[in-house]
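# A look at the structure
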Amino acid sequence: MAKRRKLGRGVAIVGAGMSKFGMFPDKDTKDVFAEAFNEMLASVDKGVDPKEIEALYLGNFSNDFFVHQSHWGPIISDLIGHTPKPATRTEGACASSALALREGVFAIASGFYDMVLVGGLEEMSKRTTEEVAEGLALATVPYEGRVGFTFPGVFGAVATAYFAKYGANREHLMNVTIKSHNNAPLNPKAQFKLSIRDLMNAKAKSLEKKGIPVPEWQDEKDFLRDLKANPVVAWPMHLYDCCPISDGASCMLLVGEDIAKNFTDEPIYVAGIGQGSGRGLHSCDDMTYFEATRYAAEEAYGMSGLKPEDIQFSEVHDCFSIAELIHIEDLGFFKPGEGYKAVEEGQTRLDGPMPINTSGGLKCKGHPVGATGVSQLYEVWTQLKGKAGERQVPKKDLRIGAAHNLGGTGGTCTFTILERR
Amino acid sequence: MEQRPFSDIAYEQFLNEEKLMGSKCKACDALFVPPKPICTKCYSSDMEWVEMKGKGKLGAFTCIAIGPPSMIAQGYNRKNPYVSGVVELEEGARVDARIDEVDGNNPESIKVGMPMTVKFLHQEGEQGPRTTLAFRPS
């Protein structure tokens with residue numbers, strides 16, 4: 001059981017930015033971070049002097065591997081004119097920037113700083129798919145990599161355990177994919193902006209143009225069942241169960257709650273923040289949940305005094321379709337074994353009772369791993385500010401949203417609850 | 001039985017000798033496969049080696065079509081996927097392993113719960129012989 005912990009001083013988010021996510025052959029890490037930083041500055045309602053930023057916390061998983069350059073703290077510090085003030089890199093695989101945010105929150109809560117910038121970055125597209133797979137697999141548990149497990153492979157195995165325990169099947173995973181792809185066209189920063197139906201129609205058109213007979217897909221699921229259109233990556237994970245390879249950056253400006261109104265009349269507050277660590281598949285108690293997620297959730301709920309039913313929408317770490325099903329159970333939104341039924345019933349759609357991944361999720365928005373955690377909170381912040389445009393959650397009095405970030409094969413998980421008061 | 005350190009290196013050496021070994025806490029009987037040098041249940045470091053019978057059932061699996069360069073070098077690819085999985089041993093511990101003698105192109109024929117028997121896949125690596133833990137249907 002996580003102990004009930006409180007911050008020594010409240011923390012608010014007064015600005016946020018993210019670059020477009022995608023594969024950018026003509027841009028590097030600094031270019032995309034500058035994009036996020038500029039948007040962040042412009043997003044502070046009453047303006048901010050960037051010279052007031054006292055410290056930078058930056059999540060990056062492995063630009064060391066992807067672009068053969070490590071030590072990104074000072075590089076970004078220089079880019080934004082922050083030197084000689086401190087810059088610290090955090091690494092927690094795909095949860096790297098959620099850790100940066102957490103460290104930034106603690107730095108302010110301790111009273112040491114009044115204003116810090118937190119963010120994340122990753123530049124993955126300069127490598128081949130096989131190389132990226134190898135790079136990501138560095139974050140599996142050693143015993144898993146040793147017997148050939150890739151990332152999609154670990155989640156594929158988790159899916160077979162979930163299927164066997166709860167009676168779900170591949171069709172249920174497709175519901176997750178279709179739902180996320182329906183949100184993506186509404187997010188101008190998403191890497192993939194087409195619904196599965198639009199993708200299917202586009203594919204049919206391109207086959208027709210080439211004079212190749214077009215398969216008679218009845219609907220989206222029929223398209224996803226077609227192994228030519230949706231080939232196996234690591235069964236039961238197929239292409240459309242997996243997030244893409246992406247470049248991108250994200251950042252947020254944190255300040256002490258007591259000075260937040262100097263920057264905006266409507267700060268978004270950190271209500272709860274939790275982090276857990278987890279073991280590999282072979283040594284966890286049960287392969288159908290992530291202990292680190294459950295621990296992080298307990299900590300965040302305990303800190304905020306909120307319950308799962310108080311959360312009005314959430315981003316969850318859908319690196320693979322099965323992961324989304326498990327997280328919505330681990331976070332308490334649905335009972336264990338019932339997540340797949342809730343998705344099938346449409347409960348997690350943008351207009352459903354519990355919208356999940358309004359951004360399109362990692363699946364469609366993209367997953368530049370080190371940038372993901374803060375980009376999820378960017379989505380929550382944007383929704384709570386009422387600035388999500390066409391994908392704005394259609395609920396009255398939207399006040400509480402959350403984001404769940406997972407690193408590795410569940411080794412590092414965070415859950416952060418934001419609140420508009 | 002053996003006076004080797006309770007380490008991953010020793011675990012791998014045992015695999016080379018076709019032994020699947022774990023460490024057992026002499027104080028509380030907790031079993032760890034691969035071995036741990038410290039009992040994380042009672043924090044005793046009085047451990048002993050125990051050999052697994054090599055029988056169990058399949059707990060989870062995946063048929064991997066896009067593998068890392070090391071698996072591609074062994075001839076695995078989109079047309080010839082390999083299978084990795086987690087096996088629940090009779091002794092209660094679980095291990096990650098390659099799943100051999102199954103058809104990776106026909107995942108529906110592979111079932112969670114299938115009885116499994118240990119098998120050792122020996123390869124010549126850059127630093128000498130290396131053995132990968134595997135299981136096959138019993």
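Not measured: the values here are computed from a predicted model.

Rules used throughout
- Residues numbered from 1 in each chain as written.
- Chains lettered and ligands numbered in written order.
- Predicted model: local features only at pLDDT ≥ 70, side-chain atom pairs only at ≥ 80, totals over all residues.
- Helix = DSSP H or I, 4+ residues; strand = E, 2+ residues; numbered from the N terminus.
- Buried ≥ 20, exposed ≤ 12 C-beta atoms within 10 Å, placed from the backbone.
- Contact = placed C-beta atoms within 7 Å.
- Domains from an automatic or database assignment.
- Nonpolar A, V, L, I, M, F, W, Y, C, P; charged D, E, K, R; others polar.
- Pairing = 2+ DSSP bridges.
- Axes fitted to C-alpha atoms, helices over the stretch in contact; angles between N-to-C directions.
- Parallel < 35°, antiparallel > 145°, perpendicular 65-115°, else oblique.
- Expected span 1.5 Å × (residues − 1).

## Side note on the overall build of chain B
A tally of regular secondary structure across chain B gives 2 helices and 8 strands. Listed by position from the N terminus, the elements making up chain B come as α-β-β-β-β-α-β-β-β-β. For the C-alpha atoms alone, the extent of chain B along its principal axes is close to 50 × 35 × 20 Å. The 138 residues of chain B split such that 40% are buried. A separation threshold of at least 6 residues defines the contact pool for chain B, and within that pool the share at least 24 residues apart is 48%.

## Brief notes about the domain arrangement of chain B
Residue and element names in this part refer to chain B. Taken as a whole, chain B is organised into domain 1 (8-51) and domain 2 (55-137). Contacts between domain 1 and domain 2 engage 8 residues on the former and 10 residues on the latter. Counting residues per element, the ones that place at least two in the side of domain 1 that touches domain 2 are helix 1 (8-16) and strand 2 (31-32). Of the residues in the side of domain 1 that touches domain 2, the class split is 5 nonpolar, 2 polar and 1 charged.

## Observations concerning the interface of chain A and chain B
It is common to report an interface's size as the accessible area lost on association of the parts. Counting residues at the interface gives 25 residues for chain A and 28 residues for chain B. At the level of secondary structure, the elements contributing two or more residues to the side of chain A that touches chain B comprise helix 5 (129-137), helix 6 (142-146), helix 7 (151-166) and strand 5 (232-235) of chain A. Looking at the side of chain A that touches chain B element by element, the count peaks at 7 residues for helix 7 of chain A. Considered class by class, the residues forming the side of chain A that touches chain B number 15 nonpolar, 7 polar and 3 charged. Of the strand pairs in this sheet, strand 5 of chain A and strand 4 (residues 55-64) of chain B are connected by 2 bridges, and their pairing is antiparallel. Across the sheet, the residue bridging to Ala234 of chain A is Ile64 of chain B, located in strand 4 of chain B.

## Describing the packing of helix 4 (residues 96-109) of chain A against helix 15 (residues 369-384) of chain A
All names here are of chain A. Running from amino to carboxyl end, helix 4 crosses helix 15 at an angle of 55 degrees, the nearest separation of the two axes being 5 Å. With respect to each other, helix 4 and helix 15 are oriented oblique. Residues Ser96, Ser97, Ala98, Ala100 and Leu101 of helix 4 pack against Val369, Gly370, Ala371, Thr372, Gly373, Val374 and Leu377 of helix 15. Counted by class, the contact of helix 4 with helix 15 contains 7 nonpolar, 5 polar and no charged residues.

## Some details on the environment of Lys19 of chain B
Residues and elements named next belong to chain B. Structurally, Lys19 can be placed in the loop between helix 1 and strand 1 (21-25). When the 17 C-beta atoms within 10 Å are taken as the criterion, Lys19 is described as partly exposed. For the pair Lys19 and Phe120, spaced 101 residues apart in the sequence, the C-alpha separation amounts to 8.6 Å. In this view, Lys19 contacts Phe14 and Glu51; residues no more than four positions away in its chain are not counted.

## Concerning helix 11 (residues 291-304) of chain A
All names here are of chain A. Helix length check: helix 11 (14 residues) gives 20 Å between terminal C-alpha atoms against 20 Å at 1.5 Å per residue, within 8%. Most of helix 11 is tucked away, with 10 of its 14 residues classed as buried. Listed as buried for helix 11 are Ala292, Thr293, Arg294, Tyr295, Ala296, Ala297, Glu299, Ala300, Tyr301 and Ser304. Buried residues belonging to helix 11 abut strand 8 (268-277), helix 12 (321-330), strand 10 (400-407) and strand 11 (412-420). Just downstream of helix 11, Gly305 is the residue with a positive phi angle, here 70 degrees.

## What to know about the sheet that holds strand 1 of chain B
All names here are of chain B. Pairing in this open sheet of 3 strands is antiparallel, and the strands run 2-1-3 from one edge to the other. Because the sheet does not close on itself, it has two edges, and the strands there are strand 2 and strand 3 (47-51). As paired elements, strand 1 and strand 2 share 2 bridges and run antiparallel to each other. Among the inter-strand pairings, Lys24 is bridged to a residue of strand 2, identified as Leu31.

## Here's the deal with the sheet that holds strand 3 (residues 87-90) of chain A
Residues and elements named next belong to chain A. An order of 3-2-4-7-1-8-11-10-9 is seen for the 9 strands of this open sheet, with the pairing classed as mixed. The outermost strands of the open sheet, each flanked by one partner alone, are strand 3 and strand 9 (313-315). Ignoring strand direction, the axes of neighbouring strands in this sheet form an average angle of 25 degrees. Relative to strand 7 (residues 247-256), strand 4 (residues 115-123) runs antiparallel, the two sharing 9 bridges. From the neighbouring strand, Gly120 faces strand 7, where its bridge partner is Ser250.

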